[in-house]
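What the coordinates show
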Amino acid sequence: MNFKIIFLSIIIFFSCDFLTLHFMKRFISFDLVNSIISIFFVFYAFFNIKSWKYKKFPNTLYFIITFLLAFLVSSITAYLDWGQNFSDTLIASRSVFWIFFGLFLIKYKTTKLELYKAFEYFSWVYVLLSIFINILPEYKHLFIYYENSKGQLKEDGFLSGIQYTLIPLYFIYSSFLKNEKITLRNYFLMIFIIISIFLTYNRATTYTMIILISVSYLYNKKINLAAKTSIVLITSYAFISMIYPFISASIIETQNQFSDTDYVRIRGIIYFFNDFSKSIFGFCFGNGFSSTKFAYGEFVNALKVNDGIYTSDLGIYGTWVLYGFLSLLAIFKPAYTILRSSSYFMKYKLLILHTFIGFTMFYFFSKFTFVFYISVLYCFDYDCLMSKQKNK
């Protein structure tokens, strides 16, 4: 293992606060360390002049520039509509600086293999820990410790960073679809990742994975009618299970019978769409991230405490609430480029589709969402670059 892979692995672990391991939080101030890392990205990207050119990675660069523009424009709303000054918005939104991870990858001359290996090593640690705490649940509190509003231990907490395991999963699975040679080690990793995803009991991740694997297998493999029927039934079950809460919530809404604990995301989407923004400008261009020093932050915290409504629970939709349609443009335009590419890029298509179908798990404010999405775009750009050089 070379130094670059080790360094990239450390960055990935820090981006998800070392899987939010309970004992690590006692010794490390992740907020401080992650702020230092993001500042390092900025300096490295702008002062390492003799390196690869940004223009060779168009989708990665487009995402970074457009999202930063969305962030800057939304800070105007935070000032005009909510009375929050620019410096406090900047400090409150410091995790956005992890977007410079993409520029760092370019200037660090990172190869796709090096970045993939870093995610692979992360995934091995994740799956082994995940399986261990499920086999021996009495030790779970030593690794994962989430408290509910009453200060009691939550039983349904799981290791953070599950999104990162999707990169090795779909890389290996796409090789399987193409009948490419796969090592026994990678087969085991793919199986362990699938098991770990099931063990999280997270509907957005689990059912999205089932749908994508089933449909892509059905589309790419020649199989008999019985197998096709089984896959269609499994996929239909997963799809219905995903959309049932939304359909059920719509029915309950018409009866005005929302409970305090059910359908929180549905209530959040309805509220943020209808009532949150103070102006059309804020509705279109986002409201910016709130600081607890101002009434804006106090209002957002009251929504969390009193109504259980979080923008982070809404994933990509919550991103739009904060940063407006420009942020969606930053996310969707590179995704469109990937989705319309050839079947050679199947793994990236699966990762993009997973991001959009399981959208509640991808909130473009959190560090690991930036690292995940930028890594997908970067690897795609890198493959395109290598393909062009081969064809010259």
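Right, let's walk through the structure included here. (Residues numbered from 1 in each chain as written. Predicted model: local features only at pLDDT ≥ 70, side-chain atom pairs only at ≥ 80, totals over all residues. Heavy atoms only, no water.)

Observations concerning the overall build of the chain
Along its length, the chain carries 19 helices and zero strands. Taking as baseline every contact in the chain between residues at least 6 positions apart, the subset at least 24 positions apart corresponds to 76%. For the chain, the exposed surface amounts to about 19400 Å²; the carbon and sulfur share of it is 65%. (Helix = DSSP H or I, 4+ residues; strand = E, 2+ residues; numbered from the N terminus. Contact = heavy atoms within 4.5 Å. Areas by Shrake-Rupley, 256 points an atom, 1.4 Å probe, with all protein chains shown as cover.)

Regarding the pattern of salt bridges
Going through the model one piece at a time under the given rule, you end up with seven salt bridges. One salt bridge in this structure joins aspartate 383 and lysine 112, with 3.1 Å as the shortest N-O distance. Taken together, the positions of aspartate 383 in helix 19 (residues 367–391) and lysine 112 in helix 8 (residues 112–135) put the pair 271 residues apart, joining distant regions of the chain. The same class applies to aspartate 383 as to lysine 112, namely buried. A salt bridge links lysine 117 to glutamate 120, with the shortest nitrogen-to-oxygen separation between them at 3.6 Å. Of this pair, lysine 117 and glutamate 120 both sit in helix 8, three residues apart, which is roughly one turn of the helix. Lysine 117 sits in the partly exposed class, given a relative accessible area of 23%. Where salt bridges share partners, they join Lys117, Glu120 and Arg185 into one cluster. (Salt bridge = Lys/Arg side-chain N within 4 Å of Asp/Glu carboxyl O. Buried < 20%, exposed > 50% of the residue type's maximum accessible area, 1.4 Å probe, protein only.)

Overview of the packing of aromatic side chains
This model, assessed by the stated rule, comprises 65 aromatic pairs. Relative to phenylalanine 18, the ring of phenylalanine 13 lies with its centre 5.4 Å away and its plane at 25 degrees, an arrangement referred to as stacked. Each member of the pair, phenylalanine 13 together with phenylalanine 18, is buried. A cation sits over an aromatic face here: lysine 278 above tryptophan 82, 4.4 Å from the ring centre. Here the basic side chain of lysine 347 rests over the ring of phenylalanine 171, its NZ or CZ set 5.4 Å away from the ring centre. (Phe/Tyr/Trp six-rings, centres within 6.5 Å; stacked < 30°, edge-to-face > 60°. Lys NZ or Arg CZ within 6 Å of the ring centre and 35° of its normal.)

Observations concerning the nonpolar core
In terms of nonpolar packing, the biggest core is built from 99 residues, with Phe63, Phe101, Tyr170, Tyr323, Phe364, Phe372 and Tyr373 touching the most fellow members. Here this core takes 12 residues from helix 19, the largest share from any one element. Apart from residues lying up to four places away in sequence, phenylalanine 63 is in contact with Ile99, Ala330, Ile331, Pro334, Phe364, Phe370, Tyr373, Ile374 and Leu377. Membership of the second largest hydrophobic core comes to 12 residues, among which are Trp82, Tyr271, Tyr317 and Val321. (Core = buried A, V, L, I, M, F, W, Y, C linked by side-chain atoms within 4.5 Å.)

Notes on the environment of arginine 203
Turning to its location among the elements, arginine 203 is positioned in helix 12 (residues 203–220). Sequence spacing of arginine 203 and glycine 358 is 155 residues, and the spatial spacing of their C-alpha atoms is 8.6 Å.

Notes on the packing of helix 11 (residues 184–199) against helix 12
Two quantities define a packed helix pair, namely the angle between the helix axes and the distance between the axes. Two elements in contact, helix 11 and helix 12, have axes separated by 8 Å at closest approach and are oriented at 140 degrees. Here helix 11 lies oblique to helix 12, going by the angle between them. Judged by residue contacts, Ile194, Ile197 and Phe198 of helix 11 engage Thr205, Thr206, Met209, Ile210 and Ile213 from helix 12. For the contact of helix 11 with helix 12, a count of residues per class yields six nonpolar, two polar and no charged. (Axes fitted to C-alpha atoms, helices over the stretch in contact; angles between N-to-C directions. Parallel < 35°, antiparallel > 145°, perpendicular 65-115°, else oblique. Nonpolar A, V, L, I, M, F, W, Y, C, P; charged D, E, K, R; others polar.)

Details of helix 12
Between its first and last C-alpha atoms helix 12 spans 25 Å; for 18 residues at 1.5 Å apiece the expected length is 26 Å, and the two agree. Within helix 12, the full set of buried residues consists of Ala204, Thr205, Thr206, Tyr207, Thr208, Met209, Ile210, Ile211, Leu212, Ile213, Ser214 and Ser216. (Expected span 1.5 Å × (residues − 1).)

Comments concerning the environment of tyrosine 173
Checked against the element boundaries, tyrosine 173 lands in helix 10 (residues 166–177). Overall, tyrosine 173 belongs to the buried group, its relative accessible area being 4%. If we skip the residues at most four places from it in the chain, tyrosine 173 touches Met190, Ile213, Ser216, Tyr217 and Leu350. Among the polar contacts made by the side chain of tyrosine 173, one reaches the side chain of serine 216 at a distance of 3.1 Å. (Polar contact = N/O pair within 3.5 Å; in protein donor to acceptor, adjacent residues only side chain to side chain.)

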